[in-house]
Amino acid sequence: MDGSQGSPNPAHSSLPTFSPSRIEGDKIILKYNGKPTKCPRCEWTTLATNTRAMGSIHRDLETAHTLRLVKYWECGVCGFAGDGPTLKGHY
Ligand SMILES: [Zn+2]
């Protein structure tokens, strides 16, 4: 398994759009529910999705940038940000 199963838009699969992630204080914030993402600090990208996208970007920030950040998700509908369990029950 390459972890790319379930892509909803095969027309874009050759050139994914990297969803921006951002750092706010001690938090790394990704758009829920996890898309291919670019590191906010460098050109590093991950093609992982869902919680693995968060895990990948979190690991890059920790290993490449020595940043230990709290994982936060941002709701794509209203912009509300919270941790995983909070966002899961958000809608
Ligand atoms: Zn990086």
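Quick caveat: nothing in here was measured; it's all calculated off a predicted structure.

1. So, the nonpolar core
If you look at the biggest cluster of nonpolar residues, it comprises eleven residues: Ile28, Ile29, Leu30, Tyr32, Cys39, Ala53, Met54, Ile57, Leu61, Tyr72 and Trp73. Broken down by secondary-structure element, the contributors of at least two residues to this core are strand 3 (27-31), helix 1 (50-64) and strand 6 (70-74). Of the residues forming this core, the biggest block, four residues, is contributed by helix 1. In this view, Leu61 contacts Ile28, Cys39, Arg41, Leu67 and Leu69; residues no more than four positions away in its chain are not counted.

2. Here's the deal with the sheet that holds strand 4 (residues 37-38)
The strand order 1-4-5 describes an open sheet built from three strands, whose pairing is mixed. Each end of this open sheet is capped by a strand with a single partner; those strands are strand 1 (19-20) and strand 5 (45-46).

3. A short note on the sheet that holds strand 3
Here four strands make up an open sheet; going across it, the order is 2-3-6-7 and the pairing mixed. Strand pairing shows two members of the sheet lacking a second neighbour, strand 2 (22-24) and strand 7 (81-82), which therefore form its edges. Taken together, the three bridges between strand 2 and strand 3 define a ladder with antiparallel strand orientation. Each residue of the ladder has a partner; that of Glu24, found in strand 3, is Lys27. Contacts between helix 1 and the sheet are confined to strand 3 and strand 6, with strand 3 contributing the most and set at about 150 degrees to the helix.

4. Notes on the environment of Thr49
By secondary structure assignment, the location of Thr49 is in the loop between strand 5 and helix 1. Of the residues examined, Thr49 has 21 C-beta atoms within 10 Å and is grouped as buried. For the pair Thr49 and Pro36, spaced 13 residues apart in sequence, the C-alpha separation works out to 5.9 Å. In contact with Thr49, not counting residues within four places along its chain, are Gly34, Lys35 and Pro36.

About the criteria used
Residues numbered from 1 in each chain as written. Predicted model: local features only at pLDDT ≥ 70, side-chain atom pairs only at ≥ 80, totals over all residues. Core = buried A, V, L, I, M, F, W, Y, C linked by C-beta atoms within 7 Å. Buried ≥ 20, exposed ≤ 12 C-beta atoms within 10 Å, placed from the backbone. Helix = DSSP H or I, 4+ residues; strand = E, 2+ residues; numbered from the N terminus. Contact = placed C-beta atoms within 7 Å. Pairing = 2+ DSSP bridges. Axes fitted to C-alpha atoms, helices over the stretch in contact; angles between N-to-C directions.

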